[in-house]
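Inside the fold
The chain contents come next:
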Amino acid sequence: MCRHLGYMGPERTLHSLVYDGEHSLETQAYAPRMTQGNILNADGFGVGWYQDGAPVRFRRAQPLWTDQSFREVAGAVRASCVVAAIRSATVGFPVDESCAQPFRAGRWLFSHNGKVEGYGGVEAKLRELAGDVAEVPDARAPVDSAPLFALAVRYWRDGLPLGDGLAAVVAAITALAPGRYNLLASDGTSLAATTWGDSLFAREDADTVLLASEPLDGDAAWQAVPDRSLVTAGPGTGVRIDSL
């Protein structure tokens, strides 16, 4: 089980998104409330944001709460669109910075919270579906999330909108293997996410959208997203939830 969040709205510091709130992403790294068997998300973290329309990323293989340098830097960086994730590595995959998410290609940021069951038996087929993404380093990461990202990039490059691309990935992988497929992505101007086997919550204010695996605080504005849903949010459109 990993945890992730997406933010879109007025500029705010990365520190406020990652560390603020009694159930912040940092807290979820060592004390998640909605667990599926594990109690730590200590195998790395990553934060991606946009500078002049292009995604910038910071990733580490260490637990989020141990990186005091990032905590300091996060207070000095402001962004209006952010994707952040903490990792609990699935057995058999390395604890390595290359596996920490969000992944990045072009203008897209991507995070997978979940697991491909029986990955060894479907990896080749997944990579065949994704096609040639040799120029996308994150698509070659030694983790089951990588070919899902590669497939999403293929769909986006073929012209599918952000959310439709994630829905197409879920349709493709669930036809091959059971698992948990909570995906989250951004293109810098919108957010999209899927629920398939794990929790997701949405919070929408007048000019702000937050998507998170767990509510970051006790505010009643957090809305649980039903399982097997697609969530999309864009400028002026608010949050939309559709069944997958």
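For the structure, check the block above.
Residues numbered from 1 in each chain as written. Predicted model: local features only at pLDDT ≥ 70, side-chain atom pairs only at ≥ 80, totals over all residues. Heavy atoms only, no water.

Approximately 190 Å³ is the volume found for the largest pocket. Residue lining of the largest pocket: 15 residues in total, with Met8, Asp207, Gly234, Pro235 and Gly236 positioned closest to the centre. Taken together, the residues of the lining of the largest pocket sort by class into five nonpolar, seven polar and three charged. (1 Å grid on protein atoms, 1.4 Å probe; cavity = no way out; pocket = protein on both sides within 12 Å on 5 of 7 lines; lining within 4 Å. Points joined across faces, edges and corners; volume = space filled by probe spheres on them. Nonpolar A, V, L, I, M, F, W, Y, C, P; charged D, E, K, R; others polar.)

Across the sheet, six strands lie side by side as E5-E6-E7-E8-E12-E13; this open sheet has antiparallel pairing. Across the chains shown, the open sheet's two edge strands, defined by having one partner strand only, are strand E5 (103-105) and strand E13 (238-243). Neighbour to neighbour, the strand axes of the sheet diverge by 20° on average, direction disregarded. Here helix H5 (residues 145-157) sits on the sheet and contacts E5, strand E6 (108-116) and strand E7 (179-186); the angle it forms with E6, its principal contact strand, is near 135°. (Pairing = 2+ DSSP bridges. Helix = DSSP H or I, 4+ residues; strand = E, 2+ residues; numbered from the N terminus. Axes fitted to C-alpha atoms, helices over the stretch in contact; angles between N-to-C directions. Contact = heavy atoms within 4.5 Å.)

A few words now on the pattern of salt bridges. Counting across every chain of the model gives 17 salt bridges. With its nearest N and O atoms 3.6 Å apart, the salt bridge here joins aspartate 158 to arginine 154. Note on arginine 154: relative accessible area 34%, which makes it partly exposed. Several salt bridges share partner residues, and in doing so they unite Arg3, Arg33, Arg180, Asp198 and Glu214 into one network. (Salt bridge = Lys/Arg side-chain N within 4 Å of Asp/Glu carboxyl O. Buried < 20%, exposed > 50% of the residue type's maximum accessible area, 1.4 Å probe, protein only.)

Attention now goes to the environment of aspartate 132. Looking at the element boundaries, aspartate 132 is found in the loop between helix H4 (119-130) and H5. With a relative accessible area of 67%, aspartate 132 lands in the exposed category. Separated by 22 residues in the primary sequence, aspartate 132 and arginine 154 place their C-alpha atoms 8.6 Å from one another.

Next up on the list: the sheet that holds strand E2 (residues 45-51). The antiparallel open sheet is built from seven strands, whose spatial order is E3-E2-E4-E1-E10-E9-E11. The sheet is open, and its two edges are formed by strand E3 (54-60) and strand E11 (223-224), each paired on a single side.

Here we take up the packing of H4 against H5. Orientation of H4 relative to H5, taken along the N-to-C sense of each, is 20°, at an axis distance of 9 Å. With respect to H5, the axis of H4 lies roughly parallel. Relative to H5, H4 is oriented so that their crossing is left-handed. Each of Tyr119, Leu126, Arg127, Leu129 and Ala130 in H4 lies in contact with H5, whose residues at this interface are Ala146, Pro147, Leu148, Ala150, Leu151 and Arg154. A class-by-class count of the residues in the contact of H4 with H5 yields nine nonpolar, no polar and two charged. (Parallel < 35°, antiparallel > 145°, perpendicular 65-115°, else oblique. Left-handed = near helix turned anticlockwise from the far one by under 90°.)

Taken as a whole and assessed by the stated rule, the structure comprises nine aromatic pairs. The cationic tip of arginine 12 hangs over the ring face of tyrosine 7; the distance from NZ or CZ to the ring centre is 5.2 Å. Stacked on the ring of tryptophan 196, the Lys or Arg arginine 228 has its end atom at 4.0 Å from the ring centre. (Phe/Tyr/Trp six-rings, centres within 6.5 Å; stacked < 30°, edge-to-face > 60°. Lys NZ or Arg CZ within 6 Å of the ring centre and 35° of its normal.)

Further remarks concern the pairing of strand E8 (residues 191-195). Of all the five residues making up E8, five are buried; the element is thus mostly covered by neighbouring parts of the structure. Here E8 shows two buried faces, one formed by Leu191, Ala193 and Thr195 and the other by Ala192 and Thr194. Counting the residues between successive antiparallel strands, the hairpin from E7 to E8 contains four residues, one of them, glycine 188, with a positive phi of roughly 100°. One ladder, built from five bridges, connects E8 with strand E12 (residues 229-234); its direction is antiparallel. Among the inter-strand pairings, alanine 192 is bridged to a residue of E12, identified as threonine 232.

Note that every value here comes from positions in space, so none of it alone points to a role or purpose.
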